[in-house]
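Architecture at a glance
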Amino acid sequence: MNMLSEQIVGGFANPVFDAQATFRAVMDAMARPGTIQPANAGTLPPQPLSSVAAAVALTLCDHDTPLWLDPPLMQPPAVAKWLGFHSGAPLVDNPTDAHFALVSDPASLIALENFAQGTQEYPDRSTTLILQVASLSTGDNLLLEGPGIERTRLIAPSPLPRHFVEQWKQNRARFPRGVDLILAAPDGIACLPRTTRIRTVGT
């Protein structure tokens, strides 16, 4: 496949329907943190971008939403060109300028505090991170509490950023500022909004 066709092919087969379905999955996952919402992505992006993470990015990003890519996604030119063709989102080098961040290697991610945190007056001016994870059930068990969770909920995503639970405590302490996470796995989508309390099981 030549570079031009790699940029053009692999988007949503039915852009309106597929984007609506993915948007509903993200919104349901954000409203009920830690639940896994099915995602029939149907995208074929260039590697190392995954199909589900690509579907979330195409659904949420457009020409008004600056997008930051982690180093593994920036290395192959095809990824940035594919995202540009299908979403129109402008790429930014500075994570504090990003409305969305697309991350293919969460284990090597820079600290969450380096992304836009919003302000007290405009907390929505923060970065939403789309983390491409291998699984939502094979990592360390995380116990979730907070809005949208009746009592507690368990989730075990892998991989996650280094010192994730401690970073998340600091993120939540900045409320109403702070970042939100969308976890994109092969088996579905889960979300961790900044209002969610997270601790490891047994702590």
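See the structure printed just above.
A brief report on the enclosed structure follows.

What counts and what doesn't
- Residues numbered from 1 in each chain as written.
- Predicted model: local features only at pLDDT ≥ 70, side-chain atom pairs only at ≥ 80, totals over all residues.
- Heavy atoms only, no water.
- Pairing = 2+ DSSP bridges.
- Helix = DSSP H or I, 4+ residues; strand = E, 2+ residues; numbered from the N terminus.
- Axes fitted to C-alpha atoms, helices over the stretch in contact; angles between N-to-C directions.
- Parallel < 35°, antiparallel > 145°, perpendicular 65-115°, else oblique.
- Contact = heavy atoms within 4.5 Å.
- Nonpolar A, V, L, I, M, F, W, Y, C, P; charged D, E, K, R; others polar.
- Core = buried A, V, L, I, M, F, W, Y, C linked by side-chain atoms within 4.5 Å.
- Buried < 20%, exposed > 50% of the residue type's maximum accessible area, 1.4 Å probe, protein only.
- Salt bridge = Lys/Arg side-chain N within 4 Å of Asp/Glu carboxyl O.

Remarks on the sheet that holds strand β1 (residues 67-69)
- Pairing is mixed across the open sheet formed by 5 strands, whose spatial order is β1-β2-β3-β6-β7. Only two strands of the sheet have a single neighbouring strand rather than two, namely β1 and β7 (188-192). Between one strand axis and the next, the sheet turns through 20° on average, direction left out of account.
- Both strand β2 (residues 100-103) and strand β3 (residues 128-132) contribute to a ladder of 4 bridges, which runs parallel.

Considerations on the packing of helix α2 (residues 15-31) against helix α3 (residues 51-60)
- Axis separation between α2 and α3 bottoms out at 9 Å; the angle between their running directions is 100°. Regarding the angle of α2 to α3, the classification is roughly perpendicular. Contact with α2, carried on its side by Ala19, Thr22, Phe23 and Val26, involves Ala55, Val56, Thr59 and Leu60 of α3 and no other residues of that element.
- Partitioning the contact of α2 with α3 into residue classes produces 6 nonpolar, 2 polar and no charged.

Remarks on the nonpolar core
- Among the nonpolar cores identified, the biggest contains 29 residues, and Leu49, Leu67, Leu83, Leu102, Ile130, Ile182 and Ile189 are the most heavily contacted of them.
- In terms of residue count, the dominant contributor to this core is α3 (8 residues).
- Membership of the second largest hydrophobic core comes to 27 residues, among which are Ala101, Leu112, Leu160 and Trp168.

Considerations on the sheet that holds strand β8 (residues 197-200)
- Spatial ordering of the open sheet is given by β5-β4-β8, a layout of 3 strands whose pairing is antiparallel. Each of the sheet's edge strands pairs with one partner strand only, and the pair in question is β5 (153-155) and β8. Taking each pair of neighbouring strands and ignoring which way they run, the sheet shows an average axis angle of 30°.
- One ladder, built from 3 bridges, connects strand β4 (residues 142-145) with β5; its direction is antiparallel.

Quick word on the pattern of salt bridges
- Within this structure, the stated rule accounts for 2 salt bridges.
- Here Glu145 and Arg199 are joined by a salt bridge, their closest N and O atoms 3.8 Å apart. With a gap of 54 residues between them, Glu145 in strand β4 and Arg199 in strand β8 connect regions that are remote in the sequence.
- Using a relative accessible area of 21% as the deciding quantity, one classes Glu145 as partly exposed.

Such coordinate-based values are descriptive only and should not be taken to indicate function.
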